[in-house]
Amino acid sequence: MKRTDLIACHECDALLHKPRLSKKMSARCPRCGATLYRSSSIHLERICAVTLGALITFLIAQSFPIVELEINGITSKTTLIGALAALWSENMEIVAIVVFCSTILFPLTELLALLYVLIPIRAGFVPPGFNRVLRAIQFVRPWGMIEVLMLGILITVVKMLSLARVIPEASLFAFGALTLMFAVVVMFDPRTLWDIADTLPRRRALEQSARHTS
Ligand SMILES: [Zn+2]
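The structure displayed is predicted, hence computed values, not measured ones.

Chemist: Break down the overall build of the chain for me, citing the residues and quoting the values.
Modeler: Looking only at helices and strands, the chain features 8 helices and 7 strands. For the chain, buried positions account for 39% of its 214 residues. Long-range contacts, defined here as pairs at least 24 residues apart, represent 62% of the contacts in the chain between residues at least 6 apart.

Chemist: An account of the packing of helix 2 (residues 80-89) against helix 3 (residues 93-123) is requested, with residue identities and associated values reported.
Modeler: It is at 8 Å that the axes of helix 2 and helix 3 come closest, and there the two elements cross at 160°. With respect to helix 3, the axis of helix 2 lies roughly antiparallel. Once helix 2 is placed against helix 3, the crossing between them reads as left-handed. The segment helix 2 lies against helix 3, with Leu80, Ile81, Leu84, Leu87 and Trp88 engaging Glu93, Val95, Ala96, Ile97, Val99, Phe100, Thr103 and Ile104. Residue composition of the contact of helix 2 with helix 3, grouped by class: 11 nonpolar, 1 polar and 1 charged.

Chemist: Provide a residue-level description of a nonpolar patch on the surface, including the pertinent values.
Modeler: Taken together, Leu52, Ile56, Ile60 and Phe64 make up a surface patch of nonpolar side chains, about 350 Å² in accessible area. Mapped onto the fold, phenylalanine 64 is located in the loop between helix 1 (41-63) and strand 5 (67-71).

Chemist: Please set out the UniProt feature "transmembrane region" (unreviewed entry) in the chain residue by residue, giving values where relevant.
Modeler: Within the UniProt annotation, "transmembrane region" (unreviewed entry) is assigned to residues 47-67, 94-119, 139-158 and 170-188. Structurally, residues 47-67 is divided into 81% helix and 5% strand, and its ends, taken at the C-alpha atoms, are 31 Å apart.

Chemist: Describe the pairing of strand 4 (residues 35-38), listing the residues and the values that go with them.
Modeler: The pairing of strand 3 (residues 26-28) with strand 4 spans 3 bridges and is antiparallel. In the sheet register, alanine 27 faces strand 4, and the bridge partner there is tyrosine 37. Here strand 3 hands over to strand 4 after 6 residues, with glycine 33 in that stretch at a positive phi of 85°.

Chemist: Got a sec to walk through the coordination of the zinc ion? Specific residues and values, please.
Modeler: Each pair of donors in an ideal four-coordinate tetrahedral metal site encloses 109.5 degrees, whereas pairs in an ideal six-coordinate octahedral site enclose 90 or 180 degrees. Coordination sphere of the zinc ion, protein contribution only: Cys9 (SG), Cys12 (SG), Cys29 (SG) and Cys32 (SG), at 2.3 Å. Geometry at the zinc ion is tetrahedral, judged from its 4 donor atoms and the angles of 105 to 113° they form at the metal. Ordering the donors of the zinc ion by residue number gives the pattern C-x2-C-x16-C-x2-C. Separated by 23 residues along the polypeptide, cysteine 9 in the loop between strand 1 (6-8) and strand 2 (15-17) and cysteine 32 in the loop between strand 3 and strand 4 bring together distant segments of the chain. Judged by relative accessible area, which is 1%, cysteine 9 ranks as buried.

Chemist: Got a sec to walk through the nonpolar core? Specific residues and values, please.
Modeler: Ranked by size, the top nonpolar core spans 22 residues in total, and within it Val67, Leu111, Phe175 and Leu178 carry the most contacts. Residue assignment for this core shows that the elements contributing at least two residues are helix 1, strand 5, helix 2, helix 3 and helix 6 (170-187).

Chemist: Please set out the pattern of salt bridges residue by residue, giving values where relevant.
Modeler: As enumerated under the stated definition, the model contains 1 salt bridge in all. Here arginine 122 makes a salt bridge to glutamate 45, at a shortest N to O gap of 2.9 Å. In this pair, arginine 122 is assigned in helix 3 and glutamate 45 in helix 1, connecting sequence segments 77 residues apart. Here glutamate 45 falls in the partly exposed class, since its relative accessible area comes to 43%.

How each quantity is defined
- Residues numbered from 1 in each chain as written.
- Predicted model: local features only at pLDDT ≥ 70, side-chain atom pairs only at ≥ 80, totals over all residues.
- Heavy atoms only, no water.
- Helix = DSSP H or I, 4+ residues; strand = E, 2+ residues; numbered from the N terminus.
- Buried < 20%, exposed > 50% of the residue type's maximum accessible area, 1.4 Å probe, protein only.
- Contact = heavy atoms within 4.5 Å.
- Axes fitted to C-alpha atoms, helices over the stretch in contact; angles between N-to-C directions.
- Parallel < 35°, antiparallel > 145°, perpendicular 65-115°, else oblique.
- Left-handed = near helix turned anticlockwise from the far one by under 90°.
- Nonpolar A, V, L, I, M, F, W, Y, C, P; charged D, E, K, R; others polar.
- Patch = residues over 30% accessible without salt bridge, like charges linked within 9 Å, V, L, I, M, F, W, Y side chains within 5 Å.
- Areas by Shrake-Rupley, 256 points an atom, 1.4 Å probe, with all protein chains shown as cover.
- Salt bridge = Lys/Arg side-chain N within 4 Å of Asp/Glu carboxyl O.
- UniProt positions renumbered as here; feature names shortened; annotations may be inferred.
- Pairing = 2+ DSSP bridges.
- Donors = N, O, S within 2.8 Å, 3.2 Å for Na, K, Ca; no water.
- Tetrahedral: all angles 85-135°; square planar, octahedral: opposite > 155°, others 65-115°.
- Core = buried A, V, L, I, M, F, W, Y, C linked by side-chain atoms within 4.5 Å.

Structure representation (structure tokens):
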């Protein structure tokens, strides 16, 4: 028996055999009834599309102006990055860093990392560094989820300093859409990718075994 045929229940730690699931089935723990995993072939298509859409929306949200700054009597429209730079120059470095991480760095990391594992898996192989990338996704995920809160804080701080006026243009709507898309993306449990990866050939492992037999 291969080690990969076993699964531990995340609720009661029971060690169970892992059955292959066909479409729309889910595996439950016979001891405590917790859902272990679901069949995710249809799910994978959908999450791939939403993640790609979210990345495009993210780029739109970042590249159009979101606030109108007024510095020394000169008004200019600026993007989120520009607003963060303005915060930095107003000696609010910590706010600028926290907002940068939660609204730009972590969501972008999660989207790119997800696409990095999703696209090859959809194509039928496991990309190099697969396990490490999945762990990275689970690490940045809790931080990416507070982006809406952080955007709110940014707007409040900017308004308090009466530096700026938020402009309801493309970028703000893109952020709204991005929030909804992200809600869908975080509903996806990256652990299911491990189960799918078990059924796929690992390129490197295959090459090695081929080398051993020759
Ligand atoms: Zn259980």
